[in-house]
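Next come the chains, spelled out residue by residue.
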Amino acid sequence: MASAEQDAISQTGSCHCGKVEFIAEGKISMSAFCHCKNCCRARGVSPLHLIGVSPASGVRVTKGEEFLKTHGTTVTRVFCSECGCIVHMGPVDAAFRAVSPVTFKIDGLLPATYQPKVHMNYESRTTNWHDDLPKFLEWPGGVRVNNTGEAMKE
């Protein structure tokens, strides 16, 4: 979930081989560590840091559209057919597209605006995370859990 001070994004990025470039512009609807199996299996890592960009049309390919392939039915992943890097992904009917900040053209640490703010889909984690970020069983705003996945009392 983004706060009012850090809810805008205007960032360029690219796939690993550089044949596909994109821009993400709009509002940050989330910056989260996602633990869901769909995201994690697609990237081969758990959790996956995702930034949700709203509206979904705010993520636009600026170079290499001919190299794009799409996979998935309920959650789609748009990736470079040359290097396999996912450019963006998200539930088909969602009002956002998720990008991974590792694809951003930023050297060094991410600015505070792009740092993860929560863990989501914590029910699917592969290990407990002992950090201070809020954790949600599913989506942010839903059931909040502690580091070991137990529901917290309101």
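Below is a summary of the structure that appears in this document.

Reading the values: rules and limits
Residues numbered from 1 in each chain as written. Predicted model: local features only at pLDDT ≥ 70, side-chain atom pairs only at ≥ 80, totals over all residues. Heavy atoms only, no water. Helix = DSSP H or I, 4+ residues; strand = E, 2+ residues; numbered from the N terminus. Rg over C-alpha atoms; globule rule 2.2 N^0.38 Å. Buried < 20%, exposed > 50% of the residue type's maximum accessible area, 1.4 Å probe, protein only. Contact = heavy atoms within 4.5 Å. Polar contact = N/O pair within 3.5 Å; in protein donor to acceptor, adjacent residues only side chain to side chain. Phe/Tyr/Trp six-rings, centres within 6.5 Å; stacked < 30°, edge-to-face > 60°. Salt bridge = Lys/Arg side-chain N within 4 Å of Asp/Glu carboxyl O.

Regarding its fold elements, the protein chain presents one helix and 11 strands. Along the protein chain, from the amino end to the carboxyl end, the secondary structure elements read β-β-α-β-β-β-β-β-β-β-β-β. The globule rule puts the C-alpha radius of gyration for 154 residues at 15 Å, and the 15 Å found for the protein chain is close to it. For the protein chain, the spread of C-alpha atoms along the three principal axes comes to 50 × 30 × 30 Å. Within the protein chain, buried positions represent 41% of all 154 residues. Partitioning the contacts of the protein chain with sequence separation of at least 6, the portion at a separation of at least 24 is 51%.

Moving on, we come to the side chain of His35. Residue placement: His35 occurs in the loop between β2 (21-34) and α1 (37-43). The exposure class of His35 is buried, given its relative accessible area of 1%. Polar contacts involving the side chain of His35 include one to the side chain of His119, which spans 2.8 Å. Discounting residues that sit within four places of it in the chain, His35 has contacts with Cys40, Ser46, Pro47, His119, Met120, Asn121, Tyr122, Ser124, Arg125 and Trp129.

Okay, the packing of aromatic side chains next. Under the definition given, this model contains four aromatic pairs. Pairing Phe22 with Phe104 gives two aromatic rings, centres 6.5 Å apart and planes at 50°, and the pair type is tilted. Here Phe22, found in strand β2, pairs with Phe104, found in the loop between β8 (97-99) and β9 (118-120); they are 82 residues apart in sequence, far enough to count as distant. Note on accessibility: Phe22 and Phe104 belong to one class, buried. Seen from their ring centres, Phe33 and Trp129 are 6.3 Å apart, and the 25° between their planes marks the pair as stacked. With Phe33 in strand β2 and Trp129 in the loop between β9 and β10 (135-136), the pair connects residues that are 96 residues apart, well separated along the chain. Residue Trp129 is classed as partly exposed on the basis of its relative accessible area of 28%.

Bringing the pattern of salt bridges into the picture now. Throughout the structure, instances matching the rule amount to six salt bridges. Salt-bridge contacts for Lys105 lead to Glu21; the nearest nitrogen and oxygen are separated by 3.2 Å. Within this pair, whereas Lys105 is found in the loop between β8 and β9, its partner Glu21 is found in strand β2, the two being separated by 84 residues in sequence. For Glu21, a relative accessible area of 22% gives the class partly exposed. Across the pair Glu25 and Arg60 runs a salt bridge, and its minimum N-O distance is 2.8 Å. One end of the pair, Glu25, is in strand β2; the other, Arg60, is in strand β4 (residues 59-63), and 35 residues separate them in sequence. Accessibility expressed as a relative area gives 28% for Glu25, which makes it partly exposed. A single network of salt bridges, built from pairs that share partners, joins Glu21, Lys63 and Lys105.

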